Amino acid sequence: MEVTDIGNKEEGNVWHRKPTAGKSVLVTVARTTQRGKTVRFLHVTFDPKGDSFLAGDHHGNIYVFDISRNRFRLVQKTGQACTALAFSLHRTTELLVALADYTIKCFDKDTKQLVSWMRGHEGAVSSISVHSSGRYAITTSSDTAQLWDLDTFQRKRKLNIRQSFCIQKVFFLPDSNTIVSCFSDDSIFAWESDTLLCKYQLPVPDCGPQISYKAFAVTRDGKRLVAGGRSNLLHLWCLDSKQLVRVIQMHTQVRTVRQLEFLPDSLDRGASQTIGVLSQDGVMRFINIHTCKLLFHIGSHDNAITIVAVSPNGRHVAAIMDNGSINIYNVQSLTQKLNKPPPSRVAVVSDGDAHQELSKVRSEVVQRPFMSSGRTQVKILRPPAVPTTDDKENELPAGLNKRRLVALLKAFGEYPAKYRMFVWRSLLCLPENHAAYSSLTDKGLHSAYLTLHDKYPIKSHKLQRGLQRVLSALGHWAAIFGEVEYLPLVAFPFVKLFQNNPMLCFEVVATVIVNWCQHWFEYLPNPPLNILNMAENVLAHHDKELLQHLVDCGITSQLYVWPLLETLFSEVLTREEWLRLFDNVFSNHPSFLIMACVAYITRCREPLLLCSQKQDFSYFFHHRNNLDVGAMIREAYRLLSSTPADIHPRTLLSDFAPLTKGQYPVFNHYPEFIVEYQSQEREKIRLQEMEYLCERQEVSALRTDFVRRQVEEEAYYTNQELLQKAEEQRRNNLAQEEEKLTQQKAKLAAMKRELKVKELQLLDTSRRRFLKHQQDLRASQIQRLDQEIRRKDSNTSVHVLPQMDLREQESAAAVKDLEIRQMELEAQRKRLEQHLLKKQGHMGREVENEVQIRMRKADREVESLAELLHCPETNMQILEECLTEARQLGLESDWQRDIVDRLQQVNAEKERKRERLAERQRQTLAEEERVADTMRDVAGRKYPERMLLMK
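Residues numbered from 1 in each chain as written. Predicted model: local features only at pLDDT ≥ 70, side-chain atom pairs only at ≥ 80, totals over all residues. Heavy atoms only, no water.

*Asks:* I'd love a proper account of the packing of aromatic side chains, names of residues and values included.
*Replies:* Centre-to-centre distance and the angle between the planes together describe a pair of aromatic rings. Enumeration according to the criterion identifies 36 aromatic pairs in this entry. Judged by centre distance (6.3 Å) and plane angle (65°), the rings of W424 and W578 are edge-to-face. Remark: W578 occurs in helix α15 (residues 575–586) and W424 occurs in helix α5 (residues 420–428); sequence separation between them is 154 residues. There is no split in this pair, since W424 and W578 are both buried. Site record: aromatic cluster; members linked through ring pairs are Y437, W477, F481, Y486, F506, W520, F521, W562, Y664 and F667. Sitting over the ring of W117, R119 keeps its end group 4.0 Å from the ring centre. (Phe/Tyr/Trp six-rings, centres within 6.5 Å; stacked < 30°, edge-to-face > 60°. Helix = DSSP H or I, 4+ residues; strand = E, 2+ residues; numbered from the N terminus. Buried < 20%, exposed > 50% of the residue type's maximum accessible area, 1.4 Å probe, protein only. Lys NZ or Arg CZ within 6 Å of the ring centre and 35° of its normal.)

*Asks:* Summarise helix α10 (residues 502–515); cite the residues concerned and give the values.
*Replies:* If you check α10, its first and last C-alpha atoms are 20 Å apart, about what 14 residues at 1.5 Å a residue would give, namely 20 Å. Counting buried residues in α10 gives twelve out of 14 residues, a clear majority hidden from the surface. Those residues of α10 that fall on the buried side of the exposure criterion are M503, L504, C505, F506, E507, V508, V509, A510, T511, V512, I513 and N515. Those residues of α10 that are buried lie in contact with α5, α6 (434–441), α8 (461–477), α9 (487–497) and α15. (Expected span 1.5 Å × (residues − 1). Contact = heavy atoms within 4.5 Å.)

*Asks:* Now, about the pairing of strand β6 (residues 61–66): what can you tell me, with residues and values included?
*Replies:* For β6, a buried count of six out of six residues is recorded, marking the element as mostly surrounded by other parts of the structure. The two faces of β6 match: N61, Y63 and F65 on one face and I62, V64 and D66 on the other face are all buried. In terms of strand pairing, strand β5 (residues 52–57) meets β6 through five bridges, oriented antiparallel. Paired with F53 across the two strands is F65, which belongs to β6. (Pairing = 2+ DSSP bridges.)

*Asks:* How would you summarise the pairing of strand β19 (residues 198–202) if you had to cite specific residues and measurements?
*Replies:* Sheet faces and side chains relate simply in a regular strand, where the side chains alternate between the two faces. One ladder, built from four bridges, connects strand β18 (residues 188–192) with β19; its direction is antiparallel. Bridge pairing in β19 links I188 to L202. Between the antiparallel neighbours β18 and β19 lie five residues, among them L196 with a positive phi of about 60°.

What follows is the structure in structure tokens.
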């Protein structure tokens, strides 16, 4: 056994020496560090194809092991241990990893990039189940299960349970929208994934103690469920009937079931029969669920297994051992003794005691695939040393003998399902011309089948493509097959049966056409009237009453024979019945198919005699009916042996002729002129259709252009009307604004006139009041002076000297008063000037500030107007408003200029007043001088008089 230590390598070979044939363990993969410490692998899982698998170790490294290419590669370093792994079925390069921190991460194994990070679990995720479409995934922990959308990586639903129960596992059924949830109380529920409505619940078994389910496994067809737990019992459920169909008791060494895995088989159509049971002792035992026989086992007590993954194709098993390494097992080597074909067991069938020998062979054949390896001794009977001439004619490829196979078929009615495809390939002697088939497929799809899905829609895209591929190869092989309308009906059942091997499917269909469809294409495009007449003659010989009833009802062989032939019974038989019929068809002369049609009609004579309407007959031969296929096949054999030679189809049909090896034969059994004529007509129709499509495209383009121009024209006129209405509206708005501006101008002019009049009145009143005050003041002073003079003159004679002294004192006092008055007048003048200057400065600053504010506002409006000029149509109203504002600013600027002129006039008037005041002051001073001179003169005249009196 080869051991591969990957160490710290990021990529390399899985094994360095190719494993020898028959070796059960291909290689053991281990990982050790530079210090010699072993790093344990924790989980493994296979990809959908089964050629490679993921493995995660204790350090968080995720590896991809490609068995088919003998390569491994490190795809991610998560830094923490993983608890579950799964491949994304929708995007094959993505993988899901559940980590120890309760999160799930999605990585791309090619780019090694993190695609998404999903959080929400509060416990370790134990399993990840991905829907068959790859769009959804279910992650399960002990407390909850969560449904994720893998397109958006968002959580759609969350399953919570009561604390008294735990979730064991939640998973999707294969190729189904059903979710199965299993709990610790052994209850199992099925839910609809779209609506999450409960579809059904499996009844909890009441027989025996509670198993406490821990492990579950489902067959690929989703019909069988096996559950096991803390016991050596396995419960086998049928999900169609929702019933417990079997309880399997394992060996007493099994006390607990840790894991269950079905072993797929390519020929079992998803109904797996072998299941692997991993128990607590580390041994995985593979048993048959029907016979309960032990087939083989892997692992041992010394080299125990902890976790197992089985490839979907059933070829390999990856097992993590107790020491942390991975063992890769070859299933073919493990089951080599079980899969031997059974031809040698029918080698001694003789005519003398056929029933006894065939009974023995049947017992051995049925039980052989389910027997454990090396435990049953079987005696192999050798064929005669010298074969006879008949044996040479009946010799088939792979060592089979046709005569013996026919005897086996007559004894059991059908070939074993496990070996049916193998027997068919031998009976039909398929050449397997890979090169010739590749040359046909390289030509691509045939023009006659490009739109096959429109006429024959199939739900499965895989079947649709397979049918299209096979029909295209047939069309390239012979031109006639591009003209046959019913060819898809003939080929479909074989395409469905051989959908995984298109070359074998093509060769089977070609062999059927060459041998069992002889003379079918001579009346193309009509049905093969000669073949239908032969069937009608056989029916007339064996059941004249039924034929007369069909004739009386106006039913021809095109209605009761041709539907069976053109579909090869696929519409009226189930899958199992059809396979059983064609076991006999392929084992007999090509005329057996016609006899089978007549046998089907005669076995259904009672319901046919009750029918009288044409639509009833048409429905009958296009749908399934209550019929015993075994009786029909026996009737066909009776007709084959009892039909007279003159009406027997064997006289028209030749014996079986297999396809030639290397190249496929030329097929020209059809009227070439009809095919050529149809080809020419089809080509003519195709050219006319192309011409019509071109003209239609041109007309469509012209119509589209016309509609576009019409729409543009209507949009243009509509836009023009809107613009015209908008222009009229703007004009009306402008007229209204101009009228408002005119009214505002009139109001402003009236207000200015009123202000000017009031200002002039105030100035005139102030001036008059000031002059009057000055006059009154001067008059009072003069009057007071005159009074003083008169008073002093009256007292001169009595008291001359005292009066002179008094007058001098009074003159001095008057001079002082005049000086004080002059100082007061000067101070008043200065205060008045200072007040006028302050007022003038304040008014100037206000005007300047107002002018600057208006100018800045005007600048901003001009800038906004400049910006609005780029979209004149959309901002016309704003421009008009700005124009109105500008006009208003112009009016306000005129008013400001008037105010400035008025202030200048006021300043000039103040200056003139100041000058007049200064002149008046000078006059006052001159008057005071005159008064002083007068007083001095008076004093001089009084002084001589006083001197005279003293003398």
